[in-house]
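# Chain and residue survey
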Amino acid sequence: MKALQRCKIFSSYFYAQRRNLSSVADATLQKAAEEEEFDSVWKCKDTNILPFLHRTVQECAKERAAMNGQCVHSQIIKLGYEADTLTTNMLINMYSKCGIVDFARKVFDEMPHRTLVSWNTLMGSYIQKKDGEEVLHLFVQMQREGTQFSGFTVSGVLCACAAKFAVFESKQLHAFALKVSLESNVFVSTALLDVYAKCGLMNDAFRVFDSMPERNDVTWSSMVAGYVQNELYEEAIMFFHRLQKSRVEHNQFTLSSIISACAALAALLEGNEVHAIVRKTGFGANLYVASSLVDLYARCGCIDEAYIVFSNAEAKNAVIWNSMISGFARNARPLEAMTLFEKMQLAGFYPTEVTYVSVLSACGHMGLVDKGRIYFDKMKKEHNISPNVYHYSCMVDILGRKGLVEEATDFIENMPFAATPSMWGSVLASCRVHGNVEVAEIAAKHLFELEPNNAGNHVLLSNIYASKRRWGDVASTRKLLKDSEAKKERGKSWIQIKDKVHTFMVGERNHPSIIEVYSRLDELLVGMEKLGYKGKTEHDLHDVEESRKHELLRHHSEKLAFTFGLMCLPSNAPIRIMKNLRICGDCHSFMKFASKVTGREIIVRDVNRFHHFANGSCSCGEFW
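Note that this is a predicted model, so its numbers are computed, not measured.

A few words on the overall build of the protein chain. Within the protein chain one finds 32 helices and six strands. Counting all 624 residues of the protein chain, 48% fall into the buried class. By sequence separation, contacts in the protein chain at least 24 residues apart represent 63% of the contacts at least 6 residues apart.

The subject of this paragraph is the confidence of the model for the protein chain. Across the protein chain, the average pLDDT comes to 84, with 87% of residues at or above 70. Low pLDDT (under 50) marks residues 37-46, which in the prediction has 18 contacts with non-local residues, meaning those over four places away or in another chain. Low pLDDT, under 50, characterises residues 538-544; the stretch is placed with 19 contacts to residues that sit more than four places away or in other chains.

What follows concerns the pattern of salt bridges. Counted under the stated rule, the structure contains 18 salt bridges. Taking the shortest distance from any N to any O, the salt bridge between Arg 470 and Glu 441 comes out at 3.8 Å. Taken together, the positions of Arg 470 in the loop between α27 (455-467) and α28 (471-483) and Glu 441 in helix α26 (residues 437-450) put the pair 29 residues apart, joining distant regions of the chain. Residue class for Glu 441 comes out partly exposed when judged on its relative accessible area of 34%. The closest approach of N and O atoms between Asp 473 and Arg 470, which form a salt bridge, is 2.8 Å. Classification of Arg 470 by relative accessible area gives partly exposed; the value is 31%. Within this structure, Lys 171, Asp 204 and Arg 207 form a network of salt bridges that share partners.

On a regular strand, each side chain points to the face opposite its neighbour's, so the side chains alternate between the two faces of the sheet. Examined bridge by bridge, strand β1 (residues 492-497) and strand β2 (residues 500-505) share six bridges and lie antiparallel to one another. Across the sheet, Ile 495 pairs through a bridge with His 502, a residue of β2. Counting the residues that bridge the hairpin from β1 to β2 gives two residues, and of these Lys 498 lies at a positive phi of roughly 55 degrees.

With that out of the way, let us pick up the state of the cysteines. Disulfide: a covalent bond connecting the sulfur atoms of a pair of cysteines. Taken as a whole and assessed by the stated rule, the structure comprises zero disulfides. Free of any disulfide, Cys 302 has its nearest neighbouring cysteine sulfur in Cys 300, separated by 5.8 Å. Taking relative accessible area as the criterion, Cys 302 reaches 3% and is therefore assigned buried. Not engaged in a disulfide, the cysteine Cys 620 finds its nearest cysteine sulfur in Cys 618; these two sulfurs lie 3.5 Å apart. By relative accessible area, which is 5% here, Cys 620 ends up buried.

Here we have six strands laid out as an open sheet, ordered β2-β1-β3-β4-β5-β6, and mixed in their pairing. Both edges of this open sheet fall to β2 and β6 (617-618), since each of them pairs with a single strand only. Inspection of the sheet shows β1 paired to strand β3 (residues 575-579) by two bridges, in the antiparallel sense. Following the sheet pairing, Ser 493 is matched in β3 by Lys 579.

Okay, the side chain of Thr 88 next. Counting through the fold element by element, Thr 88 comes out in helix α5 (residues 85-97). The residues contacting Thr 88, other than those within four sequence positions of it, are Glu 82, Val 107 and Met 111.

On the surface, Glu 406, Asp 410, Glu 413 and Glu 438 cluster together into a patch of negative charge. Top contributing element to the negative patch by residue count: helix α24 (residues 405-413), with three residues. Tracing the sequence through the fold places Glu 438 in helix α26.

Turning our eyes to something else, we now look at the pairing of strand β5 (residues 610-614). Summarising burial for β5: four of the five residues are buried, a large majority. In terms of strand pairing, strand β4 (residues 602-605) meets β5 through four bridges, oriented antiparallel. Note on β5: the bridge partner recorded for Ile 602 is Phe 613. Turn length for the β4-β5 hairpin, with the two strands adjacent in sequence and antiparallel, is four residues. Note: β5 against β6, two bridges, orientation antiparallel. Residue Phe 613 lies in a different strand from β6, and its bridge partner there is Cys 618. Connecting β5 to the antiparallel partner β6 that follows it, the hairpin turn spans two residues, and Asn 615 within it adopts a positive phi of roughly 50 degrees.

Rules of the game
- Residues numbered from 1 in each chain as written.
- Predicted model: local features only at pLDDT ≥ 70, side-chain atom pairs only at ≥ 80, totals over all residues.
- Heavy atoms only, no water.
- Helix = DSSP H or I, 4+ residues; strand = E, 2+ residues; numbered from the N terminus.
- Buried < 20%, exposed > 50% of the residue type's maximum accessible area, 1.4 Å probe, protein only.
- Contact = heavy atoms within 4.5 Å.
- pLDDT = per-residue confidence, 0-100.
- Salt bridge = Lys/Arg side-chain N within 4 Å of Asp/Glu carboxyl O.
- Pairing = 2+ DSSP bridges.
- Disulfide = S-S within 2.5 Å.
- Patch = residues over 30% accessible without salt bridge, like charges linked within 9 Å, V, L, I, M, F, W, Y side chains within 5 Å.
- Areas by Shrake-Rupley, 256 points an atom, 1.4 Å probe, with all protein chains shown as cover.
- Lys, Arg positive; Asp, Glu negative; His and termini not counted.
- Charge placed at Lys NZ, Arg CZ, Asp CG, Glu CD.

So this is what it looks like as structure tokens:
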């Protein structure tokens, strides 16, 4: 017999007893026992019903059974227990768990006496609803009525402030905590540093952390997550090293956050160390940790390692599927991305907006215009996903990379919302590849309006003119740039050797090993030229002699970073290079020849994607 049925039977029994209808009461229990074959029902006639009502309310709360809970509430009113404080607290909790906060508030408002539990329970329901305003109002009302409060109360209110990014209110509560000597309470302090972190005030968060007399794993986890959320990735890693020395146990939230920091920095060495901790602590099966690991390895160009983590995940959700599909697309493995897209659906998971961004990106890197159009239409027709700005941007990229720059321009002009700088930037970059000056001028005009301080757009247009040897237009474009306040980002490449990052710029002079780097690069070029490598001077767009162009090209930053890696890394280790701009055509050709001459795997991550070079070829198939 279900708890609710028992509740109704017992309520009928006790109601009859109160009205001195003992024969009716006994008949009620007897009938229930006979019909339901519930032998213990008869024994309950001498039992106090209130504990049973409490158990039934708790069961309704656990099962989120709102309608049954309301029925039990009606029995409570019928039996006259609505004024009992413990009972009403349980009702508030039950309605809160069922998401009916208005009913919980009505029970609370009608209580003749409220205990601290009543206030905390109702505040908790508003916190779950992310209604910070009501939580603050309740706390003020609580103070006005002179109700006692606890550290749990204050920490709960601070959580509400974190949800609504209420800096002013948080600082007031911080002062209040100091006034009532709650600043040393671990729950209050943890809530304080969490709200400061979510509001971007990491210095304040750290001051709270540093002053805490005791800390737990949640405290440390909140700090690591705060640094990551505020894109302070290096600080997050340094803080994690401090955590390791503190002997605090790791939890899945800390590990997931620090892996995300390593992924953002493409810090493979640190990521490998954290992965070792994951194996040791047994959190590898946690979906959040596994998804972060997939993302880490994909962002570091270790796509095979990413797939191993993905395959070993016992349970999968949409996040880890999306991480893997995105990883394949980013690492020039578009066929695998599209295959996994189909497998995801066969496994019973629906593609999300993120999934389609990855699949459309894969189509762009393969030049699959028709396939891209099919996916773009499929979003709405089959999965009821309205394309957003990222999907439109992917379609612009697909068309542009294939040389359909006029169609890309028409596509932009017929969108349901305004074009973004990245869209016109994609068109301008495609015009550079395909030599379309007319469309380039249209794209550049839009970019000059949208990004007046981005010098890169002026330089790219100048390069397009230079490729057509229109030196007059080059001069006027560069004069326009000089007269504006736009700033050009200088190209740089970096490589990690052990625990140190080495950065190079074109024509580098400051690196302590630069003389040896230039010498080794010259030797390498001699061997490569014997195999047919010849500097592609069309990628240097200065109006100078051919010999000078060769000199400028040979000292590009990625060539210097590669040579330094060749000097310092073991012979069997891949050489991983990061670049803040797009790799040029000459450096792309250089890396292909270098991989053949040296027998090394070379992985270059530029601003757009990964290039995996091996045995004289690149994973991009010359389509980037």
